[in-house]
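Descriptive analysis of the structure
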Amino acid sequence: MIPGPIEVEPAVLRAMGEVTTSHVAPNFIESFGNSLELMRKIWLAPNGQPFIIAGSGTLAMDMAVCNLIEPNDNALVISTGYFGERYKNILETYGANVTVLQADIGSTVSLELIEKELASKSYKLVTITHVDTSTGILNNPKPIAKLAKKYKTLSIVDGVCATAGEETNQENWEIDIVLTGSQKAIGVPPGLALLVVSENAMKIWKERTTPVQNYYGSFTNWLPIMQAYENRKPSYFGTPPVNLIKALEVSLSIINNEGITNRVQSHISYACAFRKAIQKLGLHLVPKHDEIAANTMSAIYYPEGIDPTSFRKDIAEYGVILAGGLHPEIKNLYFRVGHMGSITKSDLVATLSAIEFALKKQNYTFISGESVGAFLDNL
Ligand code: PMP
């Protein structure tokens, strides 16, 4: 129950264990092409250009920047935790002048502040962390992307902890890049960087006047490969991770068969009920309001007087694995629960009972079973 890598469906694992074929074998070409087409459907970006590249989510963040940024471009980072800071570092690597709008822990940056900053100078791009995994903060990319459009700025959404679990409508919301990694709500083991790039962003990449300062991540190398596989033709630049892509095809098909809207709705329903259950125990979330709390994960403060190490040890003993804190300023004050992908009601009930078990061991006062009751009442 950590916020990634998540547990994956047995069918996805079976694809990982299949015979590894040649990267130009006809059945693999079909899987690769089909995965690219499924990404467009799940991202709701019928005219976007999908990329499937071997690497982690950070590579997807890196590719979005290295292909669009030219030295001395201005870039705006909306930071709601650890992963905003990472975007600043990546942008600076490619010579951008970076401005960070930093939210207080547990809050988001106001739209007024974002608009004021976008209006103050010409920004090439703005980055938004859809769900910051270090704080459990949910940013709504829609109004921010709209502002970006207004000021002719590209919008990049880091959806690593969100895509396929939180609402996104890339084309309708006019977001230029939505990127993720395979190991979270996409439901595949780690190892794939996934991006969908708008027609507008591809045009800006084509028109750049300086070369891309990255070899492996350059669209120049990968665009022909994606186009070839989508046209069911073999091609080669770097050997694709054959089994991971087969697993991706399986997981994207599961999500697509369920329907992305239904999938997102079930994340919202489970997350709302889970938050109510946690609050019933008197525990507090890191996000200050439910409207800005993620639906893919929850970041929860330990109650006063609870020893974090024994708490997590007791939960593990009960059979549930949770994650500790990640944000450096509050690292030892909170824990994180992932509830994305093919999570079930019983996974959440088991998690709540494990939390109750660990709290009881430390003589925390509450009525046994009340979190599970609140969860069921709010489903
Ligand atoms: N962005 C967010 C919001 C993340 O949660 C993570 C991973 N936890 C990353 C980026 C980086 O992804 P990866 O670890 O796969 O490189």
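That block above? That's the structure.
One structure accompanies this document, and this report is about it. (Residues numbered from 1 in each chain as written. Predicted model: local features only at pLDDT ≥ 70, side-chain atom pairs only at ≥ 80, totals over all residues. Heavy atoms only, no water.)

1. A look at the pattern of salt bridges
The full count for this structure, using the stated rule, is 10 salt bridges. Here E37 ties to R232 by a salt bridge, and the two come within 3.2 Å at their closest N and O atoms. Of this pair, E37 sits in helix 2 (residues 26-43) while R232 sits in the loop between helix 8 (219-230) and helix 9 (242-258); the two residues are 195 residues apart in sequence, bridging distant segments of the chain. With relative accessibility at 29%, the residue R232 sits in the partly exposed group. Across the salt bridge formed by R263 and E258, the nearest N and O atoms sit 2.9 Å from each other. (Salt bridge = Lys/Arg side-chain N within 4 Å of Asp/Glu carboxyl O. Helix = DSSP H or I, 4+ residues; strand = E, 2+ residues; numbered from the N terminus. Buried < 20%, exposed > 50% of the residue type's maximum accessible area, 1.4 Å probe, protein only.)

2. Quick look at the sheet that holds strand 9 (residues 192-197)
If you walk across this open sheet you meet the 7 strands as 1-9-8-7-4-2-3, and the pairing is mixed. Two strands close off the open sheet at either side, each with one partner strand: strand 1 (49-54) and strand 3 (97-102). Along the sheet, successive strands turn relative to each other by an average axial angle of 15°, direction set aside. One ladder, built from 5 bridges, connects strand 4 (residues 125-129) with strand 7 (residues 154-158); its direction is parallel. From the neighbouring strand, V126 faces strand 7, where its bridge partner is S155. Seen against the sheet, helix 4 (residues 82-93) touches strand 2 (74-79), strand 3, strand 4, strand 7 and strand 8 (177-181) and runs at an angle of roughly 165° to strand 2. Sheet contacts for helix 9: strand 1 and strand 9; angle to strand 9, the most-contacted strand, approximately 55°. (Pairing = 2+ DSSP bridges. Axes fitted to C-alpha atoms, helices over the stretch in contact; angles between N-to-C directions. Contact = heavy atoms within 4.5 Å.)

3. Overview of the environment of Y318
Mapping Y318 onto the fold places it in helix 11 (residues 308-318). The class of Y318 is partly exposed, set by a relative accessible area of 38%. It is 8.5 Å that separates the C-alpha atoms of Y318 and A358, two residues lying 40 residues apart in sequence. Dropping the residues within four chain positions of it, Y318 is found in contact with A350, S353, A354 and F357. Polar contacts involving the side chain of Y318 include one to the side chain of S353, which spans 2.9 Å. (Polar contact = N/O pair within 3.5 Å; in protein donor to acceptor, adjacent residues only side chain to side chain.)

4. Observations concerning the packing of aromatic side chains
Here the structure, examined in full by the defined rule, presents 14 aromatic pairs. When the centroid spacing of 5.6 Å and the interplanar angle of 70° are considered together, the rings of W205 and F219 count as edge-to-face. Taken as a pair, W205 in helix 7 (residues 199-206) and F219 in helix 8 lie far apart in primary sequence, 14 residues in all. Consider the rings of Y302 and F311, whose centres lie 5.4 Å apart with planes at 85°: the pair is edge-to-face. Take Y302 and F311: they sit in the same class, and that class is buried. Ring-pair connections join several aromatic residues into one group, and the members of that group are Y215, Y216, W222 and F237. Of note, K360 hangs over the ring of F366, and the distance from its end group to the ring centre comes to 4.9 Å. (Phe/Tyr/Trp six-rings, centres within 6.5 Å; stacked < 30°, edge-to-face > 60°. Lys NZ or Arg CZ within 6 Å of the ring centre and 35° of its normal.)

5. Structural notes on unusual backbone geometry
Along the chain, G4 connects to P5 via a cis peptide bond; the corresponding omega equals -5°. With respect to the helices, strands and loops of the structure, P5 is situated in the segment before helix 1 (10-16). The backbone phi angle of A164 is positive, close to 80°, even though this residue is not glycine. Relative accessible area serves as the criterion here: at 3%, A164 is assigned to the buried category. Positive phi values are uncommon outside glycine, yet R232 reaches one of about 60°.

6. Observations regarding the side chain of S134
For S134, the location among the structural elements is in the loop between strand 5 (131-132) and strand 6 (137-138). A distance of 3.0 Å separates a polar atom in the side chain of S134 from the backbone nitrogen of Y82. With sequence-adjacent residues up to four places away left out, S134 is seen in contact with G81, Y82, F83, L326, H327 and Y334.

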